[in-house]
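Next come the chains, spelled out residue by residue.
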Amino acid sequence: MNTTMTLNPLPEYILYPTENRDAFLALVAELREEYDPQDPSEFDIFEQMIISSWLRKRYEKVRSNLYDSRRQLLQNEPNSPRIAIITDSIQRFQLEVDRQKKYLSGLRRALRKVRSGEQNEANSSDFEHELAPAA
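Residues numbered from 1 in each chain as written. Predicted model: local features only at pLDDT ≥ 70, side-chain atom pairs only at ≥ 80, totals over all residues. Heavy atoms only, no water.

Draft legend 1. Representation of the overall build of the protein in the model. A count of helical and extended segments in the protein gives three helices and zero strands. Secondary structure elements of the protein occur, N-terminal to C-terminal, as α-α-α. For the protein, the residues scored as buried account for 37% of the 135 residues in total. Contacts in the protein between residues far apart in sequence, at least 24 positions, make up 70% of those at least 6 positions apart. (Helix = DSSP H or I, 4+ residues; strand = E, 2+ residues; numbered from the N terminus. Buried < 20%, exposed > 50% of the residue type's maximum accessible area, 1.4 Å probe, protein only. Contact = heavy atoms within 4.5 Å.)

Okay, structure coming up:
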């Protein structure tokens, strides 16, 4: 990796206070080793890869917790109207997981283009993130 390039490895705004900072930093290290960003254009894309990867993990965790809640509710209160609400939330979070996977795939393509010289400079506005609505 180019040692003259530095990146703030923790965009603080992406972590919720209850989330595991060490797990986030481990993800950053894993992605840094895999993608080894070399210049400002690559760093712009790399930062968005971090965010997208973390959001995907967050949404997967929420979705998994919702599945557990629904299973418990089905066992204890099979006629509860909350089952429909939880099921809807599961579907919405699955859509967000899929959206982040697709976005991350696009970022990988963009990084390959930058590295191959097809795109001289990544436009950071092309990689802005929208956060998912709360469940």
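Draft legend 2. Examining the packing of helix H2 (residues 40–76) against helix H3 (residues 82–116) more closely. For the pair H2 and H3, interaxial distance at closest approach is 8 Å and the crossing angle is 160°. Taken together, the axes of H2 and H3 are roughly antiparallel relative to one another. The handedness of the crossing between H2 and H3 comes out as left-handed. (Axes fitted to C-alpha atoms, helices over the stretch in contact; angles between N-to-C directions. Parallel < 35°, antiparallel > 145°, perpendicular 65-115°, else oblique. Left-handed = near helix turned anticlockwise from the far one by under 90°.)

Draft legend 3. Representation of the pattern of salt bridges in the model. A complete count under the given rule lists six salt bridges for this structure. A salt bridge links Arg 92 to Asp 88; its shortest N-O distance comes to 3.6 Å. Of the two residues, Arg 92 and Asp 88 both sit in helix H3, four residues apart, roughly one turn of that helix. Overall, the relative accessible area of 39% leaves Asp 88 in the partly exposed class. (Salt bridge = Lys/Arg side-chain N within 4 Å of Asp/Glu carboxyl O.)

Draft legend 4. Here's a closer look at the confidence of the model for the protein. Confidence in the prediction for the protein averages 85 pLDDT; 79% of positions are at 70 or higher. Mean pLDDT values for the elements of the protein range from 93 in helix H1 (residues 21–35) up to 96 in H3. (pLDDT = per-residue confidence, 0-100.)

Draft legend 5. Quick look at the packing of H1 against H2. In contact at an axis separation of 10 Å, H1 and H2 are set at 135° when each is read in the N-to-C sense. By the criterion of interaxial angle, the relationship of H1 to H2 is oblique. In the packing of H1 onto H2, the handedness of the crossing is right-handed. For the pair formed by H1 and H2, the contact residues are Ala 23, Phe 24, Leu 27, Val 28, Leu 31, Arg 32 and Tyr 35 on the first element and Phe 43, Phe 46, Met 49, Ile 50, Ser 53, Trp 54 and Lys 57 on the second. Among the residues forming the contact of H1 with H2, the class breakdown is eleven nonpolar, one polar and two charged. (Nonpolar A, V, L, I, M, F, W, Y, C, P; charged D, E, K, R; others polar.)

Draft legend 6. Just the environment of Gln 94, in detail. Along the chain, the position of Gln 94 falls in helix H3. Judged by its relative accessible area of 26%, Gln 94 falls in the partly exposed class. Here the alpha-carbon distance between Gln 94 and Arg 56, two residues 38 residues apart in the chain, equals 9.6 Å. Side chain to side chain, Gln 94 and Asp 98 meet in a polar contact 2.8 Å long. (Polar contact = N/O pair within 3.5 Å; in protein donor to acceptor, adjacent residues only side chain to side chain.)

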